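# Architecture at a glance
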Amino acid sequence: MERESGKVILKRITAVLMAVIMLLCVAPLESIEELNFSVFDSSAYDDEFGLILNEGEIWIDGYYGSEENVVIPSEFDDYEGYVVTKIADSAFQGETKIKSVTIPEGVNYIGRYAFEDCISLETVNVPDSVNRIRKDAFNNTAWYDAQPDGIVYAGKVAYAYKGEMPENTSVVLKDGTTGVSDEAFANCSNLVKFESPSSVTDFDENVFSNCTNLKEMIINGNVFRADLTEAEKCTKL
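Everything in this summary refers to the structure shown in the same document. (Residues numbered from 1 in each chain as written. Predicted model: local features only at pLDDT ≥ 70, side-chain atom pairs only at ≥ 80, totals over all residues. Heavy atoms only, no water.)

### A few points about the overall build of the protein chain
For the protein chain, the helix and strand inventory stands at two helices and 18 strands. Residues classed as buried in the protein chain amount to 49% of the 237 residues present. Long-range pairs, those at least 24 residues apart, make up 40% of the contacts in the protein chain with a sequence separation of at least 6. On the protein chain, roughly 11,200 Å² of surface is accessible, and the fraction owed to carbon and sulfur atoms is 44%. (Helix = DSSP H or I, 4+ residues; strand = E, 2+ residues; numbered from the N terminus. Buried < 20%, exposed > 50% of the residue type's maximum accessible area, 1.4 Å probe, protein only. Contact = heavy atoms within 4.5 Å. Areas by Shrake-Rupley, 256 points an atom, 1.4 Å probe, with all protein chains shown as cover.)

Below you can see the structure in the form of structure tokens.
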């Protein structure tokens, strides 16, 4: 898929104009090859981790160890030529004993609910290579609970907006941000303007769902993957 570039300013005059602008400026969701965790070369097991082997990649699919401080390796000796690139959906979900996790450089994807309900998880080391973090990956963790209100970043991904957004808020993502998670600004009815830097390449699902007062959206180029369908329902765009 070719990358689109340039500056995109979305303002809604009619629903038709909105659709045309989005078609020209970002990759539609239907054209995105989504990850399919049910199709893979083979499954495997390490002493601590469940693994999925797929075309030279390893997806971490579960944790069976007893360590409180988990360091995910970038490679496994038994699987030469494979490198860790993804944390699968629900891979560590409910592992209440884990206090810290270090994800290796080279991982680019953290799946839905990957660390949800890891209630003791206080420290999360997310490498710069991660540009997609899916819905509720860190929901109900000590790490998320300790974050101050406002935009919560996990590595270089804008993971969520925490707390009550003040009225007439304009959000400008910090330089170097590479992704925006599912529902990151969902239900932020006080959001009136949004701007992302050119470093952002990925917008996941329902980022602006129910942002009923959003009037202006500025997306600066290099967007590769975007699901902005919910933005059509932001009636003030």
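### Examining the nonpolar core
Counting 37 residues, the largest nonpolar core has Ile60, Ile72, Ile87, Phe92, Ile110, Phe115 and Phe138 as the members making the most contacts within it. Listed by contribution, the elements that provide at least two residues to this core are β3 (49–54), β4 (57–63), β6 (83–87), α2 (142–145), β11 (150–154) and β12 (157–162). Excluding residues within four positions of it along the chain, Ile60 makes contact with Phe49, Gly50, Leu51, Ile72, Phe76, Val84, Lys86, Ile87, Ala88, Ala91 and Phe92. Grouped together as the second largest cluster of nonpolar side chains are 22 residues, Tyr153, Tyr161, Phe185 and Ala226 included. (Core = buried A, V, L, I, M, F, W, Y, C linked by side-chain atoms within 4.5 Å.)

### Here we look at a negative patch on the surface
A cluster of acidic residues, Asp47, Glu75, Asp77, Asp78 and Glu80, forms a negative patch at the surface. Tracing the sequence through the fold places Asp77 in the loop between β5 (69–71) and β6. (Patch = residues over 30% accessible without salt bridge, like charges linked within 9 Å, V, L, I, M, F, W, Y side chains within 5 Å. Salt bridge = Lys/Arg side-chain N within 4 Å of Asp/Glu carboxyl O. Lys, Arg positive; Asp, Glu negative; His and termini not counted. Charge placed at Lys NZ, Arg CZ, Asp CG, Glu CD.)

### Points about the environment of Val207
Take Val207: it is sitting in the loop between β16 (202–203) and β17 (216–220). Classification of Val207 by relative accessible area gives buried; the value is 1%. Measuring from C-alpha to C-alpha, the distance between Val207 and Asn187 comes to 9.4 Å, with 20 residues separating the pair along the chain. Each residue touching Val207, except ones within four places of it in the same chain, is listed here: Val180, Ser181, Glu183, Ala184, Phe185 and Ala186.

### Comments concerning the packing of aromatic side chains
Aromatic ring pairs are reported here in terms of the distance separating the ring centres and the angle at which the planes meet. What the rule picks out here adds up to 15 aromatic pairs. A ring pair is formed by Trp143 and Tyr159, whose centres lie 6.5 Å apart and whose planes are at 55°; its orientation type is tilted. Taken together, the residues span a long stretch of sequence, with Trp143 in helix α2 and Tyr159 in strand β12 at a distance of 16 residues. Classification of Tyr159 by relative accessible area gives buried; the value is 6%. Measuring from centroid to centroid gives 4.9 Å for Phe194 and Phe208, while their planes differ by 75°, and the two rings are edge-to-face. (Phe/Tyr/Trp six-rings, centres within 6.5 Å; stacked < 30°, edge-to-face > 60°.)

### Brief notes about unusual backbone geometry
Look at Tyr113: it is not a glycine, yet its phi comes out positive at around 60°. Even without being glycine, Asn206 reaches a positive phi, approximately 55°. Turning to its location among the elements, Asn206 is positioned in the loop between β16 and β17.

### Concerning the pairing of strand β13 (residues 169–172)
What you see with β13 is a clean split: Thr169 and Val171 sit on the buried side and Ser170 and Val172 on the side with no burial. Bridge analysis of β13 against strand β15 (residues 191–196) gives four bridges, and the strand direction is parallel. Bridging across to β15, Thr169 finds its partner in Leu191. (Pairing = 2+ DSSP bridges.)

### Quick word on the sheet that holds strand β18 (residues 225–226)
Two modes of strand pairing occur in sheets, parallel and antiparallel, and in both the strands are linked by backbone hydrogen bonds. Within the open sheet, the five strands sit side by side as β11-β12-β14-β16-β18. Their pairing is mixed. Whereas interior strands pair on both sides, the edge strands pair on one side only; in this sheet they are β11 and β18. Of the strand pairs in this sheet, β12 and strand β14 (residues 179–180) are connected by two bridges, and their pairing is parallel. Considered in β14, the bridge of Val157 is made with Gly179.

### Re the sheet that holds strand β9 (residues 123–125)
One open sheet accounts for three strands, arranged β5-β7-β9; its pairing is parallel. Looking at the sheet topology across the chains shown, the edges are occupied by β5 and β9. Between one strand axis and the next, the sheet turns by 5° as a mean value, whatever way the strands run. Examined bridge by bridge, β5 and strand β7 (residues 100–102) share three bridges and lie parallel to one another. When the bridges of β7 are listed, Val70 appears paired with Val101. (Axes fitted to C-alpha atoms, helices over the stretch in contact; angles between N-to-C directions.)

What is shown is where atoms sit, not what they do.
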